[in-house]
Amino acid sequence: TVPRAAERSALLLDYMAVLEDSCRTEKGALGRTKKLCGYYTRGLPHGAPLRQAVFHSHTMEEVRGHLARYFERLADNEERSDRPVPAAQVGDGS
């Protein structure tokens with residue numbers, strides 16, 4: 001089954017918390033989070049603009065804000081279509 005936006009968001013935010021706990025500095029956690037978001041959002045609808053916003057973020061809180069807005073819009077799209085938004089094919093420009 002395709003995970004819903006809320007499940008995707010929760011998984012990513014939980015892993016970000018693990019990174020914050022395990023890295024010595026916020027800068028270290030931020031770098032790893034940017035890499036994780038790059039992998040995690042590949043193939044999701046409109047993932048490229050999200051990745052760009054995340055990569056230009058300077059704090060973990062800024063990343064959380066970008067992710068919250070993105071996954072809220074994704075969840076809204078799911079509600080309108082009454083089904084999870086599937087990941088696109090890799091290489092489709094998302």
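One can find the structure itself at the top, above this paragraph.
What comes next is a walk through the structure. (Residues numbered from 1 in each chain as written. Predicted model: local features only at pLDDT ≥ 70, side-chain atom pairs only at ≥ 80, totals over all residues. Heavy atoms only, no water.)

## What about the overall build of the protein chain?
To be explicit about the condition: Each helix corresponds to a stretch of at least 4 residues labelled H or I by DSSP, and each strand to a stretch of at least 2 residues labelled E; elements are numbered beginning at the N terminus. Buried, partly exposed and exposed residues are distinguished by accessible area as a fraction of the type maximum, computed with a 1.4 Å probe on protein chains only: under 20%, between the cut-offs, and over 50%, respectively. Under the convention used here, a 1.4 Å probe and the Shrake-Rupley method define accessible areas, while residue burial counts only the protein chains that appear. By the counting scheme adopted, Arg and Lys are positive, Glu and Asp are negative, and His together with the chain ends is not counted. Where a charge lies is defined by one atom per residue type: Lys uses NZ, Arg uses CZ, Asp uses CG and Glu uses CD.
Secondary structure assignment for the protein chain yields four helices and zero strands. C-alpha extents for the protein chain along the principal axes are approximately 40 × 25 × 20 Å. Counting every position in the protein chain, which comprises 94 residues, the buried fraction comes to 35%. When the accessible area of the protein chain is evaluated, it comes to approximately 6,100 Å², of which 53% is carbon and sulfur surface. The centroid of the 14 positive side-chain charges in the protein chain is displaced by 8 Å from the centroid of its 13 negative side-chain charges.

## Examining the pattern of salt bridges
For side chains of opposite charge, pairing can occur when their charged atoms come near one another. Quick note on the threshold: Counted as salt bridges are all cases of a side-chain nitrogen of Lys or Arg within 4 Å of a carboxyl oxygen of Asp or Glu.
The final tally for this structure, using the stated rule, is three salt bridges. For the salt bridge of arginine 64 with glutamate 61, the shortest nitrogen-to-oxygen distance reads 3.3 Å. Taken as a pair, arginine 64 and glutamate 61 lie in helix 4 (residues 60-81) at a separation of three residues, close to a single helical turn. Exposure remark for arginine 64: the relative accessible area of 24% places this residue in the partly exposed category. Residues joined by salt bridges that share partners form a network here, namely Glu20, Glu61 and Arg64.

## Observations regarding the packing of aromatic side chains
The geometry of two aromatic rings is summed up by the distance between their centres and the angle between their planes. What counts, and what does not: The criterion for an aromatic pair is that two Phe, Tyr or Trp rings (for Trp, the six-membered ring) have centres within 6.5 Å, with stacked assigned to planes under 30 degrees apart, edge-to-face to planes over 60 apart and tilted to the rest.
Throughout the structure, instances matching the rule amount to one aromatic pair. With a centroid separation of 5.1 Å and an interplanar angle of 80°, the aromatic rings of tyrosine 70 and phenylalanine 71 are classed as edge-to-face.

## What about the nonpolar core?
Side chains of a nonpolar character, in soluble globular proteins, are inclined to be buried together. Just so we agree on the cut-off: Among buried residues, the Ala, Val, Leu, Ile, Met, Phe, Trp, Tyr and Cys ones that are joined through side-chain atoms within 4.5 Å form a nonpolar core.
Leu12, Val63, Leu67 and Phe71 are the most contacted members of the largest nonpolar core, which has 19 residues in total. In terms of residue count, the dominant contributor to this core is helix 4 (six residues).

## Quick word on helix 4
Inclusion rule: How far a helix is expected to stretch is found by multiplying one less than its residue total by 1.5 Å. Residue contacts are counted whenever heavy atoms from the two residues lie within 4.5 Å of one another.
Across its 22 residues, helix 4 extends 31 Å between first and last C-alpha, which sits within 8% of the 32 Å expected from 1.5 Å per residue. Listing the buried residues of helix 4 in full gives Met60, Val63, Gly65, His66, Leu67, Tyr70, Phe71, Leu74 and Glu78. Its buried side turned inward, helix 4 meets helix 1 (5-22), helix 2 (26-40) and helix 3 (47-55).

On their own, these measurements won't tell you what the molecule is for.
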